[in-house]
Amino acid sequence: MLDGENTASAMATLIIVTGMSGAGKTLAVRSMEDLGFFCVDNLPPVLIPKFAELIEQSKGKIAKVALVIDLRGREFFTALSESLSYIKDHFTIHCEILFLEATDSVLVQRYKETRRRHPLAPEGMPLDGIRLERKMLEELKSSATVVLDTSNMKAGQLKDKIISRFSHLEGNLLSVNITSFGFKYGIPIDADLVFDVRFLPNPHYVDNLRPRTGQDSDVYDYVMKWPETQAFLTKLLDMLHFLIPQYRKEGKSQVIIGIGCTGGKHRSVAIAEYLGKMLGVSETESVSVSHRDSERDRH
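Analysis parameters
Residues numbered from 1 in each chain as written. Predicted model: local features only at pLDDT ≥ 70, side-chain atom pairs only at ≥ 80, totals over all residues. Heavy atoms only, no water. Helix = DSSP H or I, 4+ residues; strand = E, 2+ residues; numbered from the N terminus. Buried < 20%, exposed > 50% of the residue type's maximum accessible area, 1.4 Å probe, protein only. Contact = heavy atoms within 4.5 Å. Areas by Shrake-Rupley, 256 points an atom, 1.4 Å probe, with all protein chains shown as cover. Salt bridge = Lys/Arg side-chain N within 4 Å of Asp/Glu carboxyl O. pLDDT = per-residue confidence, 0-100. Pairing = 2+ DSSP bridges. Axes fitted to C-alpha atoms, helices over the stretch in contact; angles between N-to-C directions. Parallel < 35°, antiparallel > 145°, perpendicular 65-115°, else oblique. Nonpolar A, V, L, I, M, F, W, Y, C, P; charged D, E, K, R; others polar. Phe/Tyr/Trp six-rings, centres within 6.5 Å; stacked < 30°, edge-to-face > 60°. Lys NZ or Arg CZ within 6 Å of the ring centre and 35° of its normal.

A. Spotlight on the overall build of the chain. Within the chain, the secondary structure is distributed over 10 helices and nine strands. Counting only residues that meet the buried cut, the chain has 50% of its 299 residues in that class. For the chain, contacts bridging at least 24 residues in sequence account for 80% of all contacts bridging at least 6. Accessible surface, the chain as shown: approximately 15,200 Å² in total, 52% of it carbon and sulfur.

B. Broad picture of the pattern of salt bridges. In this structure the tally under the stated criterion is 11 salt bridges. Glu 101 serves as the salt-bridge partner of Arg 134, at 2.6 Å between the closest nitrogen and oxygen. Placement of the pair is Arg 134 in helix α5 (residues 126–136) and Glu 101 in strand β4 (residues 93–101), with a sequence separation of 33 residues. Accessibility expressed as a relative area gives 23% for Arg 134, which makes it partly exposed. Note that Glu 101 is salt-bridged to Lys 141, the shortest N-O span being 2.6 Å. Remark: Lys 141 occurs in helix α6 (residues 138–142) and Glu 101 occurs in strand β4; sequence separation between them is 40 residues. Taking the relative accessible area as the measure of exposure, Glu 101 reaches 7% and is therefore buried. Lys 141 sits in the partly exposed class, given a relative accessible area of 30%. Among the charged side chains, a salt-bridge network with shared partners connects Glu 101, Asp 104, Arg 134 and Lys 141.

C. Quick peek at the confidence of the model for the chain. Mean pLDDT over the chain: 84, with 88% of residues reaching 70 or higher. Under a pLDDT of 50 for its full length, residues 1–9 has, in the predicted model, 16 contacts with residues more than four places off or in other chains.

D. Inspection of the sheet that holds β4 at higher detail. On the basis of which strands lie adjacent, the open sheet formed by five strands has the order β2-β3-β1-β4-β5 and parallel pairing. Strand pairing shows two members of the sheet lacking a second neighbour, β2 (38–41) and β5 (146–149), which therefore form its edges. Pairs of neighbouring strands in the sheet enclose a mean axial angle of 20 degrees, with direction left out of account. For β4 and β5, the ladder comprises four bridges, and the chain directions are parallel. Bridging from a neighbouring strand, Leu 100 pairs with Leu 148 of β5.

E. Spotlight on the side chain of Ser 31. Along the chain, Ser 31 turns up in helix α1 (residues 25–34). Discounting residues that sit within four places of it in the chain, Ser 31 has contacts with Lys 159 and Ile 162.

F. Structural detail: the packing of helix α8 (residues 217–224) against helix α10 (residues 267–279). In the contact formed by α8 and α10, the axes pass within 9 Å of each other and the chain directions differ by 85 degrees. Regarding the angle of α8 to α10, the classification is roughly perpendicular. In this structure, α8 contributes Tyr 220, Val 223 and Met 224 to the contact, and α10 contributes Arg 267, Ala 270, Ile 271, Glu 273, Tyr 274 and Lys 277. Each residue belonging to the contact of α8 with α10 can be placed in one class, and the counts come to six nonpolar, no polar and three charged.

G. Quick peek at unusual backbone geometry. Positioned with a positive phi, Asn 42 is a non-glycine residue whose angle comes to about 60 degrees. Position of Asn 42 among the secondary structure elements: in the loop between β2 and α2 (48–57).

H. Region of interest: the environment of Leu 80. By the secondary structure assignment, Leu 80 is in helix α3 (residues 80–90). Assessed through its relative accessible area of 2%, Leu 80 is described here as buried. Residues Leu 80 and Pro 44, spaced 36 residues apart in sequence, show a C-alpha to C-alpha distance of 8.4 Å. Setting aside anything within four residues of it in sequence, one finds Leu 80 in contact with Ile 16, Pro 45, Ile 48, Ile 69 and Leu 140.

I. The packing of aromatic side chains, seen in detail. The full count for this structure, using the stated rule, is five aromatic pairs. Arranged with centres 6.3 Å apart and planes meeting at 20 degrees, the rings of Phe 38 and Phe 51 form a pair that is stacked. Within this pair, whereas Phe 38 is found in strand β2, its partner Phe 51 is found in helix α2, the two being separated by 13 residues in sequence. Owing to a relative accessible area of 43%, Phe 38 belongs among the partly exposed residues under this scheme. Of the residues examined, Phe 51 reaches a relative accessible area of 15% and is grouped as buried. Here the guanidinium or amino end of Lys 277 rests over the ring plane of Tyr 220, the centre of that ring lying 4.6 Å away. For the cation-ring pair, Arg 296 lies above Tyr 185, with the distance from its terminal atom to the ring centre recorded as 4.0 Å.

Pasting the structure below:
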């Protein structure tokens, strides 16, 4: 991999898609195909260097590649780190590892719904295999470039995350992803920056605003009208205008900003929407806004 000042768009890109079985690797790869990636499923890690040779020999014809590596090829799995180190030392290929994660309870439920057997527990309880797999993948997860927790994601949300994260490879863009969330549902594990807006006046206690979200104009206006909101946003934008260029200078391709309130429905949604508008889109930044928990208690 070249130094940070070299852009990913100037070289071929290789994305390793891995993570927990049942966490959404198949859907992730389909989303990457939509972005123009050449995708290969279940390639043994020992063959990755040979595949890298083919990428370079193509002279740009194969510029974006995604390889799915999972425990179906576990006899080769330990070779993954060696293969990636070899590529770093011998090729000018931009490499990233996308690791998909989900909670034990969600994975168990997904296996029950699909009636599939976990690859590490073919005759036993899926939870046993999930826990064993999680332990085996600890080291790989710690070295991943991107970790996505799909526990609370629908298929469309995961696709949007993948497209938002990797569409920057079409050019030299820093992807800024702003996501609202509710603290009672947990902090997004992939967030680089997290800001707590629970100190702001809460629309939940206004009867006609309670059923709505921060995307509705009356809720948005309610959150924005307070002096403490405006003071906070002034300071927050000033910090982000300083931090984002520093991340870009460091060579990061993505920054995820989490905005949290109690339920992720009113205050955090309004603030995330405001930040998306104010940060906008420039020649060096791609900005997207998502709301993880805004519809959880809609009904």
